[in-house]
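Each chain, written out:
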Amino acid sequence: MKILSIETSCDETSVAIVEDGRKILTNRIYSQIPIHQKYGGVVPEIASRNHVTKLPYIIDEALAETGLTLKDIDAIGVANGPGLVGALLIGLSAAKAMAYSLDIPLIGVHHIEGHIAANFLQFPELAPPFLTLVVSGGHSHLVLVKDYETFEVLGKTRDDAAGEAFDKVSRVLGLGYPGGPAIDKAAKNGNASAIPFPRAFLDKDRFDFSFSGLKSAVLNYLNGKKMKNEPIVVNDVAASFQTAVVDVLVAKTIACAKSINMKTICIAGGVSANSLLREKMTAAANDEGFTLYYPEPILCTDNAAMIGSMAYYNYVNRGESGLNLNAMPGLKIGTRS
Ligand code: ATP
Ligand code: MG
Ligand code: FE
């Protein structure tokens with residue numbers, strides 16, 4: 001089954017064609033990052049307008065790259081939430097128009113379940129059940145994937161998402177947007193034990209996260225240095241901050257896996273591209289004898305192939321969505337509304 005999938009939930013305009021949920025035939029990603037960079041973050045209205053102008057071309061590119069025509073497409077998959085409502089509506093409208101005119105199924109996909117499914121594209125042997133740490137611009141969740149349709153949230157952030165913390169700290173350090181890759185790079189030339197930033201472990205036997213205290217600690221540190229007219233070593237701040245985030249993510253994920261006796265772990269979402277997180281999670285998983293999966297970086301951040309993978313499993317298990325499918329900006333993991 002060949003599914004053409006569309007992802008427009010934030011600032012990537014992406015179209016993919018995925019076969020049977022596992023094989024990427026094409027995954028075209030047009031990133032609007034350069035457009036939003038000068039504003040220091042994503043401007044929703046500008047994101048929507050760029051989706052409108054770019055999406056038709058990217059659909060054409062995806063077909064051209066594979067040599068397929070619309071007649072070869074069996075269904076249309078689309079991320080219908082969570083995300084920016086205006087941005088989601090662009091992809092959803094295009095998906096509906098295509099499904100209706102071609103008379104093929106329309107399949108709505110939860111964007112975060114899509115992030116998790118990115119792992120299915122890369123690892124043919126991976127199948128539920130497994131535990132996933134989803135760390136992205138808007139989410140820091142520990143999700144038990146019981147089967148292809150059942151997602152149970154075991155822990156989540158009580159305030160900022162990990163990606164949000166990376167983006168905010170990057171902005172105050174003058175490293176620009178998006179912050180994750182910039183901090184990852186700066187940290188490589190910094191001393192991770194230069195500044196003892198706090199690690200919020202909260203309750204020992206709960207699996208929730210909190211990153212706003214860490215963010216404030218970085219701000220206070222920088223303000224203190226400025227008041228005293230002392231130099232700030234940006235690379236050291238980046239490295240110390242990144243290590244504080246990663247230490248908590250790794251410790252909580254391993255503790256959660258142990259508590260449910262789960263030996264297979266995935267990481268997903270934009271922050272799972274982080275080199276230190278991959279390194280430390282690999283070491284911790286090896287120590288415990290756990291099997292760890294993470295997608296290549298291009299499949300960690302927003303892309304339509306992950307939506308195409310999840311669309312396949314949604315269709316196989318639940319059938320099509322129907323043309324009254326709506327954009328759901330606040331869609332929760334494991335729910336359909
Ligand atoms: P959500 O998926 O929660 O709706 P989103 O789609 O905006 O949010 P993603 O595209 O999954 O988020 O990921 C973007 C986030 O990932 C940004 O916050 C970015 O800074 C972060 N990120 C990307 N690469 C890295 C990296 N190498 N290290 C840390 N963070 C990273
Ligand atoms: Mg993005
Ligand atoms: Fe995302």
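Since the structure is predicted, the reported quantities are computational estimates derived from the model, not experimental observations.

Thoughts on the nonpolar core
In terms of nonpolar packing, the biggest core is built from 102 residues, with Ala162, Ile183, Phe241, Val245, Leu249 and Ala311 touching the most fellow members. Among the elements that take part in this core, helix α8 (residues 234-259) stands out by supplying twelve residues, more than any other. Residue-level mapping places this core at the junction of two domains, with at least three residues from each of domain 1 (2-116 + 299-318) and domain 2 (127-297). Excluding residues within four positions of it along the chain, Val245 makes contact with Ala162, Ala165, Phe211 and Leu214.

Overview of helix α9 (residues 275-288)
In a regular helix each residue adds 1.5 Å, so 14 residues correspond to 20 Å; α9 covers 20 Å between its end C-alpha atoms and thus fits that length. Listing the buried residues of α9 in full gives Leu276, Leu277, Met281 and Ala285. Within α9, the buried residues cover an arc of 150° as seen down the axis, which keeps them to one side. In α9, the exposed positions angled more than 90 degrees off the buried face are occupied by Glu279, Ala283, Asn286 and Asp287.

Re the site of ligand 1
Around ligand 1, the structure places 25 residues, and the nearest of them are Gly137, Gly138, Gly163, Gly180 and Gly270. Listing elements by their share of the shell around ligand 1, those giving two or more residues are α4 (111-122), α5 (162-173) and α6 (179-187). When grouped by side-chain class, the residues that make up the shell around ligand 1 number seven nonpolar, 15 polar and three charged.

Calculation notes
Residues numbered from 1 in each chain as written. Chains lettered and ligands numbered in written order. Predicted model: local features only at pLDDT ≥ 70, side-chain atom pairs only at ≥ 80, totals over all residues. Core = buried A, V, L, I, M, F, W, Y, C linked by C-beta atoms within 7 Å. Buried ≥ 20, exposed ≤ 12 C-beta atoms within 10 Å, placed from the backbone. Helix = DSSP H or I, 4+ residues; strand = E, 2+ residues; numbered from the N terminus. Domains from an automatic or database assignment. Contact = placed C-beta atoms within 7 Å. Expected span 1.5 Å × (residues − 1). Arc of directions from axis to C-beta. Near = placed C-beta within 6 Å. Nonpolar A, V, L, I, M, F, W, Y, C, P; charged D, E, K, R; others polar.

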